[in-house]
Amino acid sequence: MARRGSEHGALTERDRFWLGHLERQAAGAETSKAYAVREALSISAFYQARMRLIAAGAWPAAPARKR
């Protein structure tokens, strides 16, 4: 999988850390929560990082849910 956000040179080391985890989780079949537990990551920090990277344009936003 191509590294998302690689064109964003302003990403911090912390952002790159979380971006790597987001990419690995997205490439697998696990839920975000299951991945975070397996990797001993805080699920809250995982979600917070995802939202920060979406806002920075380094990670795609989830598609809108149908009601």
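How each quantity is defined
Residues numbered from 1 in each chain as written. Predicted model: local features only at pLDDT ≥ 70, side-chain atom pairs only at ≥ 80, totals over all residues. Heavy atoms only, no water. Phe/Tyr/Trp six-rings, centres within 6.5 Å; stacked < 30°, edge-to-face > 60°. Buried < 20%, exposed > 50% of the residue type's maximum accessible area, 1.4 Å probe, protein only. Helix = DSSP H or I, 4+ residues; strand = E, 2+ residues; numbered from the N terminus. Expected span 1.5 Å × (residues − 1). Arc of directions from axis to C-beta.

For the rest of this paragraph, the subject is the packing of aromatic side chains. Remark: the centre distance and the inter-plane angle together describe each pair of aromatic rings, the angle taken between the planes. Considering all chains together, one arrives at four aromatic pairs under this definition. Measuring from centroid to centroid gives 5.1 Å for F17 and W18, while their planes differ by 85°, and the two rings are edge-to-face. For F17, a relative accessible area of 41% translates into the label partly exposed. The class for W18 is buried, based on a relative accessible area of 9%. Ring plane angle 70° and centroid distance 6.3 Å describe the contact between F46 and Y47, whose orientation is recorded as edge-to-face.

This part covers helix 3 (residues 43-55). With 13 residues, helix 3 extends 18 Å from end C-alpha to end C-alpha; this agrees with the ideal 18 Å at 1.5 Å per step. Buried within helix 3 are the following residues: F46, A49 and L53. End-on view of helix 3: buried residues confined to an arc of 65°, all on one side of the axis. Opposite the buried face of helix 3, by more than 90 degrees, sit the exposed residues S44, M51 and A55.

Nothing here speaks to function; it is geometry throughout.
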